[in-house]
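Report on the structure
One letter stands for each residue in the lines below.
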Amino acid sequence: MRKIGCLLIAICMIIGLLYIPQSTVHADGIKLSGSLTEDTVIQGDAEISGSLDLAGYSLTIQGNVDIYGNVMLAGGQLTVEGDVNHSAKNIVIGNGSVDISGNYIQAKLSDEGAYSFNIGENEYKAAATDAALVMDDARGRMNVSGAIVLSNSNSSVGNVDGSNILTAGIISISGDFLTVDTGTDSNFIPRGNHVVEFAGTGAQAITIPGEKNGFNGIIINNDNFVLDDSFRYERLLDVNSDTPSIDDVNRGHIVIGFNSKDSSCSEEGNIVYYRCVDCGKYFSNQDATEEITKEDTIVQKKEHTWGEPVIIEEATTKTAGVKRYTCTVCGETKDEAIARLSSPKLYYSTHVQSFGWQDEVYDGELSGTVGQSKRLEGIIIRMEDQPYEGNISYRTHIQGIGWQDWKEDGNLSGTSGENRRLEAIQIKLTGAMAEHYDIYYRVQAQSYGWLDWAKNGEYSGTAGYAKRLEAIQIVLLDKGDSLDKARLNGKAEITSATKVTAGKTYISKEPSVRYHTHVQSIGWQDYVMNGVMSGTSGQAKRLEAIEMNLMDRPYDGGIRYKTHIQGIGWQDWKEDGEMSGTSGQAKRLEAISIELTGDMADYYDVYYRVHAQSYGWLNWTRNGGYAGTSGLSKRLEGIQVVLVKKGSTPPGVSYQGITSVQTRAYIQN
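None of these values were measured; they are calculated from a predicted model.

Procedures and definitions
- Residues numbered from 1 in each chain as written.
- Predicted model: local features only at pLDDT ≥ 70, side-chain atom pairs only at ≥ 80, totals over all residues.
- Heavy atoms only, no water.
- pLDDT = per-residue confidence, 0-100.
- Contact = heavy atoms within 4.5 Å.
- Pairing = 2+ DSSP bridges.
- Helix = DSSP H or I, 4+ residues; strand = E, 2+ residues; numbered from the N terminus.
- Axes fitted to C-alpha atoms, helices over the stretch in contact; angles between N-to-C directions.
- Salt bridge = Lys/Arg side-chain N within 4 Å of Asp/Glu carboxyl O.
- Buried < 20%, exposed > 50% of the residue type's maximum accessible area, 1.4 Å probe, protein only.
- Polar contact = N/O pair within 3.5 Å; in protein donor to acceptor, adjacent residues only side chain to side chain.

Attention now goes to the confidence of the model for the chain. Mean pLDDT over the chain: 86, with 86% of residues reaching 70 or higher. The low-confidence segment residues 155-161 (pLDDT under 50) makes 14 contacts with residues lying over four places distant or belonging to another chain. Here residues 237-251 scores under 50 on pLDDT; set against residues more than four positions off or in separate chains, the count is 27 contacts.

Here is the structure:
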C-alpha cells in the first residue's frame, strides 16, 4: 500500500495537483502547484509553475526554486535554502514570511538578456518580467541573506504602473538591494508603512534608478552601512530596532534621515541628522522642529597618527632635504623640508718664531710669515658648525722629535717655548665629515717656497733636510669640489719674487736602513747601511745578535725584526735599534724576519738575504718573509738589508759583489 501511495503522489504532481501525505518529499526538480495540507520539505531544487497556496503551512526547499506561477502564503512560511528566480506572476506574502538563504532575483535569466546586473563577482543577463512581489500586510516579512534584484516592468498582472506592490511589512536584507532600469522608472514604489531593513555586516550596495523609486522607511542594523544624499526615503526609523514605530512621520517636512558616522583621519564623520526633501533644511530631530545647518552635522576629521619620518632626500649645505611621514592608520603621507645644513667653518692659528701666536684665520688665508725666515713652532686647528659627525685631526713633524701623535680639534700640535721648528704636517677629517668634505692644505718651506696642495692626510713639507715651515694655508671643500687655486693664491703672499715649488707636496731624502751584528769571538761590528754586508765570510763564525733602525725617515713608521735562536726558537719582535738575539750565550742565529711599520710600509719595501752555514748566500726575501734555515742547526754568518721605494727595481741575484747561490730564501728540514 505504501508503494501504491507514493506512486499516486508522483502521478498527482505530474498533473499539477499537490497532495502530500507526508512532511518530506525526497525529490529534486519537482514541480509544485495546488495547496499544502501540512508542513512540507523538498530535498533539492523545485519549480513552482502553477498557483501554489501554502494555506498557512510551511514549505522548505533545500535548493533553488524557479517561480512561474502565483504563490500565496496566507500566513504560511516559505523557506528557500538556495536562490529564488521569480520570472512570472505574483508572490503574495500577506501575513506570512519568506526566508531566503541565497538571492531573490526578479528576472528572466538568459544568455542574451535586455539588461545585466552584478551580484558579487557574477554578472547576470536578464529580460523584463511580469513578476511582482506583493506585501500589503503589516505582519508580512521577507528575510533575504543574499541580494534582492527587483526589475518588474509589466502591468499585465494588475499591479499599479507595473510595479511591485510594497505597502506594508518589512523586507530584511543582508546583501545588496538592486532595482534594475528596464525602461520604466516605477518598478519599486513603496507605499504606506512598508520598511526595508539593512541587516548585513559589511558594505551593502543600493541601486534605485528612476525618479519615482525610493524608500518609504529604513531600519539600519548594520554598523558598516553608510547613508548619503543619493538615497530617497521618507524617514529613518530607530537604528538597531527590531520593532520600529512607523507612525512617527512628520507631515510638515518629509525628512531624510542620516545615520551617524564616526570621523577618521582620512574623512569627516557626521551626527544623526535629518534633511527635508522638499525645502532642503537640516534638523537634529526626526520631528523636524530643531533646525541646524549642514556644518552642524559634520564631525571634523581626527588627527593623523604620524609614524617615524623617513628621509627622502638628505639635506646638504647647498640644498634642503625632505623627510616623509606616513599615517599609521590611513596611510596618508606628508612631506616636510629639512633645513639646509650649516656650512662648517675652519679656523687655524700658528705659533711663529719671535712673534708668538698669531690671530686665527680661516678659508685658505695665510697663517705664518713670508720672506721673514721665521719658523712655525706650533699650530692649532679647529672647526665650528659641523653638519655631520666627525672632526679634524692633525699632526706635525718636529725638529729633534719627529712625528708627534695626532691631535684633535683645538689642541696644540708642535711646541711652544722650545724653539723647535715644524718641518712637515698632515691634516685629515674624521667620521662622517670625511665622507662629505675634503681638506686641502699647503705650506711654505724654507729654501723651497710654496709647495703644492696636499689633501686628506697626505704629507706636506720636507723630511731629512732640516728645513723649517714658515707659513700654511688650509681650506675645507665639499667632497668633489675643485680647488680654486686662483682664489686661494690671492690669500697668500705669492708674488713674482716668491719661490714656488710646483707639483711637489712633500720633499724628502731617501731613507736608509742601518744595521750591525754581534759576531762570534768578534763582538759588535760597526754599523753598515743600504745593502752592505754585516757579519763575516769564509770564517765560519756565527751571528749571535742584530740591531737595526731607519735613517732619514720621510714618513711615519719604523722597522721591526725577529730572529730564530739556537735552543730558543723565534724571539718576539724587536724594533728601531733594539737587540734581537743573545749576547754572551754563544747561541747562533738561524733565521730572521724583517718588516717596515706605519706609513713607511706604504711607501717602501725592505729586502734582505743571509749567508747560511753549508748553503752559502740564499735568495732575497722581503717584508716579513723568512730568511735562513729551520731544523738544520745551521748558523747565519752574514746578512744584507736594503730599502727599495715601492715600484722601484729590487736588488738582483748579484748585488754589491755578492751572488746568491740558492734560489730559496728559507730552507727547512
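The strand order β33-β34-β35 describes an open sheet built from three strands, whose pairing is antiparallel. Bordering the open sheet on either side are β33 (310-313) and β35 (333-338), each of which pairs with just one other strand. For this sheet, the mean inter-axis angle between neighbouring strands, taken without regard to orientation, is 35 degrees. The pairing of β33 with strand β34 (residues 321-326) spans three bridges and is classified as antiparallel. Bridge pairing links Val310 to Arg324 in β34.

A word on the pattern of salt bridges. One pass over the full model with this rule turns up 28 salt bridges. Where Arg395 meets Asp599, a salt bridge forms, and the shortest distance between an N and an O atom there is 3.5 Å. Separated by 204 residues along the polypeptide, Arg395 in strand β41 (residues 392-398) and Asp599 in the loop between β61 (589-596) and α4 (600-603) bring together distant segments of the chain. Taken as a pair, Arg395 and Asp599 share a single burial class, namely buried. Between Asp438 and Lys479 there is a salt bridge, with its nearest N and O atoms 2.8 Å apart. In this pair, Asp438 sits in strand β46 (residues 437-445) while Lys479 sits in the loop between β50 (469-478) and α3 (485-489), placing the two residues 41 residues apart along the sequence.

Turning next to the side chain of Arg375. Relative to the assigned elements, Arg375 resides in the loop between β39 (367-368) and β40 (376-384). Reaching out from Arg375, the side chain makes a polar contact with the side chain of Asn419 at a distance of 3.3 Å. Sequence-distant contacts of Arg375, that is, excluding residues within four places in its chain, are made with His351, Val352, Gln353, Asn419, Arg420, Arg421, Arg468 and Leu469.

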